[in-house]
Amino acid sequence: MKKLQKTWITDGLLDFEYKKYQLLAYLKHVNEHFQEKKLFPELSDLQLHYQESLALQQQQSQWSDHIRRKLVGIDREKWQLKYTSEFEALPPLEEVDEILSYAIPRLEHTLSTGKTLFQHVTQALSIAPIGIMPLFRKEGYLFVYENINRELRIYQYKVQLFESTAPPSRRVETRLIDSRNKSYTTTFESIKMELVRKNRDLPNPASYLVESTLGYPMDETLLPIARQKVAQAVED
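Conventions adopted
Residues numbered from 1 in each chain as written. Predicted model: local features only at pLDDT ≥ 70, side-chain atom pairs only at ≥ 80, totals over all residues. Heavy atoms only, no water. Phe/Tyr/Trp six-rings, centres within 6.5 Å; stacked < 30°, edge-to-face > 60°. Helix = DSSP H or I, 4+ residues; strand = E, 2+ residues; numbered from the N terminus. Buried < 20%, exposed > 50% of the residue type's maximum accessible area, 1.4 Å probe, protein only. Patch = residues over 30% accessible without salt bridge, like charges linked within 9 Å, V, L, I, M, F, W, Y side chains within 5 Å. Areas by Shrake-Rupley, 256 points an atom, 1.4 Å probe, with all protein chains shown as cover. Salt bridge = Lys/Arg side-chain N within 4 Å of Asp/Glu carboxyl O. Polar contact = N/O pair within 3.5 Å; in protein donor to acceptor, adjacent residues only side chain to side chain.

> Hey, could you go over the packing of aromatic side chains for me, with residue numbers and the actual values?
Tallying each qualifying case throughout the model produces five aromatic pairs. Look at F16 and Y102: their rings are 5.5 Å apart centre to centre, the planes differ by 85°, and that puts the pair in the edge-to-face class. Taken together, the residues F16 in helix α1 (residues 16-35) and Y102 in helix α3 (residues 91-123) connect sequence positions 86 residues apart. Side by side, F16 and Y102 carry an identical accessibility label, which is buried. When the ring of F143 is compared with that of F188, the centres are 6.3 Å apart and the planes differ by 75°; the resulting orientation is edge-to-face.

> Go over a nonpolar patch on the surface, please, and point to the residues and values.
On the surface, a cluster of nonpolar side chains totalling about 360 Å² of accessible area is made up of L13, Y18 and Y21. In this structure, Y21 sits in helix α1. Given a relative accessible area of 60%, Y21 falls into the exposed group.

> Explain the side chain of D45 to me, and be specific about the residues and the numbers.
The class for D45 is buried, based on a relative accessible area of 11%. One polar contact links D45 to Y26, side chain to side chain, over a distance of 2.7 Å.

> Which residues make up the pattern of salt bridges, and what values do they have?
Under the criterion given, the structure shown has 10 salt bridges. Between K3 and D45 there is a salt bridge; the shortest N-O distance is 3.7 Å. Pair noted here: K3 is in the segment before α1 and D45 is in helix α2 (residues 42-66), with a separation of 42 residues, a long-range link. Between K198 and E194 there is a salt bridge; the shortest N-O distance is 3.2 Å.

> Can you break down unusual backbone geometry residue by residue, with the values?
Following F40, the chain continues into P41 via a peptide bond in cis, with omega recorded as 10°. Tracing the backbone shows P41 in the loop between α1 and α2. Unlike most non-glycine residues, K37 shows phi in positive territory, near 65°. Following the sequence through the fold, K37 ends up in the loop between α1 and α2. Phi is positive for R150, close to 60°, though the residue is something other than glycine. Relative to the assigned elements, R150 resides in the loop between β4 (139-146) and β5 (151-162). R150 sits in the partly exposed class, given a relative accessible area of 29%.

See the structure below:
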């Protein structure tokens, strides 16, 4: 993945043309991956850059309103103090403003493309329990099945809760344990029972089937969204 540092706007040479080159190279890479139906980690990274740019632009606006103001008089009609700002006279800050004004709409446009693809993939996926579900569902098996080519990947999953975030967030960690082509005569329930016989540590595992009607890259698209669906199912 072609990285764009979190502090790319303020790091190094503060020059509009140079930052424009950095941004366009990064967005070209992200768009190429989106065209290949690869969503992650580019979509998450792009969302972070967009939010950081908006936050920096807001800070710039606040600085412009409140920093280095000079009292120049009184507006007697409105009974308000009149100020002038020296903020605009600082060339480095003007350069940052120009970079942000250029970057934000382009980040937003590419982010919109990624979100649209994400919605299409999500609509093409379904999630369902396999067999009887136990009360404890934070650990078990995740079946990711592409019915277009009958490819089945089986993961052992574990849900981690991060209470340090607000609100607390859940992340699903997965480990690939099997990959096979599923025959028409084999059921997902029978494959689950096969796993139970092999792994005595999970005698009654929660098991979910995430099924895709279309073909998407597994590691960059299907699996990350399948993890999100499991996190939502466990929370519900």
